[in-house]
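Remarks on the overall topology
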Amino acid sequence: MRKVTYSMNVSLDGYIVGPDGNFNWTAPDEEVFRFWIDEIRQVGVHLLGRRLYETMLYWETADQDPTLDDSDREWTALWNPLPKVVFSNTLSAVQGHARLASGSPAEEIERLRAEPGEGDIAIGGATLAAEAAASGLIDEYQAMVHPVLVGGGIPFFPQDERRVDLELVETRTFSSKFVYLRHRVAR
């Protein structure tokens, strides 16, 4: 069965976006970006909320930019053909290899797990992840912890989530002081 992963950049105090809605502190250096390039190779389909989808739209046409470096071109070549499912109450259409979700996150995940396919089902976005977590559908939590305290905003973990026991699977410290944490849900 395909595993469901929730992966985001997070401040040390636990937020994916600061109180002002800003996440400019999440820009990766080359080493971290290379890590994300390698990670996206393991993904078979990506589930996104509207805000993350709109942020990632940049990559749909980024390959037309002649100043793009090799790493950005490699990311674009992997990201653009990747199937994406977008959850939104306000969008009526999406671009590229994306489709609007026709059901709840739980329904979409169950549908995707039942279909033939390889690679992880990745979730991006705290609100979307909270809905999947409430249904017990997340298999792994992956956090790229940034050395910054933002003081509030959108939390990586929902505040009302039930207790979930985790097993540490992997840690990695980057030279830029970012720390990657990967935990598997103990079942």
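Residues numbered from 1 in each chain as written. Predicted model: local features only at pLDDT ≥ 70, side-chain atom pairs only at ≥ 80, totals over all residues. Heavy atoms only, no water.

1. With respect to the sheet that holds strand β3 (residues 43-49)
Where we set the bar: For two strands to be treated as a pair, DSSP must find no fewer than two bridges joining them. A run of DSSP states H or I qualifies as a helix once it reaches four residues; a run of E qualifies as a strand once it reaches two. Both are numbered from the N-terminal end. Here an axis means a line fitted to C-alpha atoms, over the contact stretch when the element is a helix, while the angle between two N-to-C directions is reported on a 0 to 180 degree scale.
If you walk across this open sheet you meet the eight strands as β5-β4-β3-β6-β1-β7-β10-β9, and the pairing is mixed. Two strands lie at the open edges of the sheet, namely β5 (98-100) and β9 (166-173), each paired on one side alone. Strand-to-strand, the axes of this sheet are offset by a mean angle of 20 degrees, without reference to chain direction. Judged from the seven bridges that link them, strand β1 (residues 4-11) and strand β7 (residues 140-146) form a sheet pairing that is parallel. Opposite Asn9, over in β7, you have Met144 as the bridge partner.

2. Quick notes on the pairing of β1
The condition that has to hold: For the exposure calls, accessible area comes from a 1.4 Å probe over protein chains only, and a residue counts as buried if that area is under 20% of its type's maximum, exposed if over 50%, partly exposed in between.
Taking burial as the measure, the eight residues of β1 include seven buried ones, the bulk of the element. Examined bridge by bridge, β1 and strand β6 (residues 120-124) share three bridges and lie parallel to one another. When the bridges of β6 are listed, Tyr6 appears paired with Ile123.

3. Some remarks on the pattern of salt bridges
Selection criterion: When a carboxyl oxygen of Asp or Glu lies within 4 Å of a side-chain nitrogen of Lys or Arg, that pair is called a salt bridge.
Scanning the model with the defined rule gives 13 salt bridges in all. Between Arg34 and Glu74 there is a salt bridge, with the nearest N and O atoms lying 2.5 Å from each other. Of this pair, Arg34 sits in helix α1 (residues 30-40) while Glu74 is found in helix α4 (residues 70-79), placing the two residues 40 residues apart along the sequence. The exposure class of Arg34 is partly exposed, given its relative accessible area of 29%. A relative accessible area of 24% means that Glu74 is categorised as partly exposed. Asp139 serves as the salt-bridge partner of Arg113, at 2.5 Å between the closest nitrogen and oxygen.

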